[in-house]
Amino acid sequence: MREVDVLGVRVEMPTNHPIVLLRERDGGRYLPIWIGAAEAAAITYAQQGVVPPRPLTHDLMRDLLAVLGHELTEVRIVALKDSVFHAALIIDGKVEVGSRASDAIALALRTGAKVLVEPAILDEAAIVVSSEEDDEVERFKEFLDHVSAEDFEGPAPESQEPGDRPDRPDRPE
């Protein structure tokens, strides 16, 4: 089994379907898993530390495990059948319960459990992103973190003549 990090939820364009993106911890492969909107929200909430006013299903599962004195040891993505990922919840290191991959990931994020993937699944479904592409994605994410809506207001720069912007000192009087 290969350990992966949960990078987060993205929206695939042009279909607007959510994807949870996993990255191989000791390698360069990424595993995209298409998920439902509710599961995308549950994963995003867990990663952002959002506490809903009432517990979501995954919060309930976490709380039930704790109250019953059990621990989610790890989550395993164990199969890919007909383009559907299947997972297993490993409880107390020995009990295995079948799960959808998205639910397993949402629960793992709430409990701090490891997420593992069968190497054969990575071989079949993972993608490799070159370090140059990875750097470009990181630079773009950083740009988005520092840009605001106001940065896009007003006419496009190519339609402006020198001095057309009121904040420029060379503006003609």
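Rules used throughout
Here, residues in each chain are numbered from 1, in the same order as that chain's written sequence. Confidence filtering applies because this is a predicted model: local features only for residues at pLDDT of at least 70, side-chain atom pairs given and counted only at 80 or more, and all residues used for totals across whole chains, interfaces and linings. Working from all heavy atoms in the structure, the side-chain values ignore hydrogens and water. Throughout this description, the term nonpolar core refers to a set of buried Ala, Val, Leu, Ile, Met, Phe, Trp, Tyr and Cys residues connected via side-chain atoms within 4.5 Å. For the exposure calls, accessible area comes from a 1.4 Å probe over protein chains only, and a residue counts as buried if that area is under 20% of its type's maximum, exposed if over 50%, partly exposed in between. Strands are runs of DSSP state E lasting at least two residues, helices are runs of H or I lasting at least four, and both sets are numbered from the N terminus onward. We call two residues in contact whenever any of their non-hydrogen atoms come within 4.5 Å of each other. Any two strands between which DSSP finds at least two bridges are classified as paired. Throughout, an axis means a line fitted to C-alpha atoms (over the contacting stretch in the case of helices), and angles, computed between N-to-C directions, take values from 0 to 180 degrees. The span expected for a helix works out to 1.5 Å for each residue beyond the first. What the arc measures is the spread of directions leading from the helix axis to the C-beta atoms. Think of a polar contact as two N or O atoms within 3.5 Å of one another; within protein, one of them needs to be a possible hydrogen donor and the other a possible acceptor, and neighboring residues in sequence only count if both atoms come from side chains. For classification, angles of less than 35 degrees are called roughly parallel, those exceeding 145 degrees roughly antiparallel, those between 65 and 115 degrees roughly perpendicular, and all remaining angles oblique. Crossing handedness is read from the near helix: turned anticlockwise from the far helix by less than a right angle, it gives a left-handed crossing, and turned clockwise, a right-handed one. Residue type decides the class: Asp, Glu, Lys and Arg count as charged, Ala, Val, Leu, Ile, Met, Phe, Trp, Tyr, Cys and Pro as nonpolar, and the leftover types, Gly among them, as polar.

(A) Looking closely at the nonpolar core. In terms of nonpolar packing, the biggest core is built from 30 residues, with Leu22, Leu31 and Ile33 touching the most fellow members. Broken down by element, the residue count for this core peaks at six residues, all from helix H3 (residues 101–111). Setting aside residues up to four positions removed in sequence, Ile33 forms contacts with Pro18, Ile19, Val20, Leu22, Phe85, Ala101 and Ile105.

(B) Focus on the sheet that holds strand S2 (residues 17–24). What the eight strands build is an open sheet, ordered S6-S5-S4-S7-S1-S2-S3-S8; its pairing is mixed. Only two strands of the sheet have a single neighbouring strand rather than two, namely strand S6 (95–100) and strand S8 (127–128). Here strand S1 (residues 2–12) pairs with strand S7 (residues 114–117) via three bridges, running antiparallel. Each bridged residue has a counterpart across the sheet, and for Glu3 the counterpart in S7 is Leu116. Contacting S1, S2 and S6, helix H1 (residues 37–48) runs over the sheet at an angle of about 120° to S1. Across the sheet, H3 is in contact with S1, S2, strand S3 (29–34), strand S4 (72–81), strand S5 (84–91), S6 and S7; its angle to S4 comes to roughly 160°.

(C) Structural detail: H1. Along its twelve residues, H1 runs 16 Å from first to last C-alpha, staying within 8% of the 16 Å computed at 1.5 Å per residue. When H1 is considered as a whole, its buried residues turn out to be Glu39, Ala40, Ala42 and Ile43. The buried residues of H1 occupy an angular sector of 165° when the element is viewed end-on, so they sit on one face. In H1, the exposed positions that point more than 90 degrees away from the buried face belong to Ala37, Ala38 and Gln48. The elements touched by buried residues of H1 are S1, S2, helix H2 (57–67), S6 and H3. The positive-phi residue at the C-terminal boundary of H1 is Gly49, with phi of around 75°.

(D) Highlighting the environment of Ile35. Relative to the elements of secondary structure, Ile35 occurs in the loop between S3 and H1. Ignoring sequence-local partners within four residues, the contact set of Ile35 consists of Val9, Pro18, Ile19, Val20, Ala40, Ile43 and Ser102.

(E) Up close: the side chain of Glu39. Its place among the elements puts Glu39 in helix H1. A relative accessible area of 12% places Glu39 in the buried class. For Glu39, the contacting residues outside a window of four places in its chain are Arg100, Ser102 and Asp103.

(F) Representation of the side chain of His58 in the model. The topology assignment puts His58 in helix H2. On the accessibility criterion, His58 (6% relative accessible area) is buried. Among the polar contacts made by the side chain of His58, one reaches the side chain of Asp103 at a distance of 2.9 Å. Once residues within four sequence positions are removed from consideration, His58 is found in contact with Ala42, Asp103, Ala106, Leu107 and Arg110.

(G) Structural view of the packing of H1 against H3. Interhelical geometry of H1 versus H3 gives an angle of 15° and a closest axis separation of 9 Å. Here H1 lies roughly parallel to H3, going by the angle between them. At the point where H1 passes H3, the crossing takes the left-handed sense. Here Glu39, Ala42, Ile43, Tyr45, Ala46 and Gln47 of H1 come into contact with H3, specifically with Ser102, Asp103, Ile105, Ala106, Leu109 and Arg110. For the contact of H1 with H3, the per-class residue count stands at seven nonpolar, two polar and three charged.

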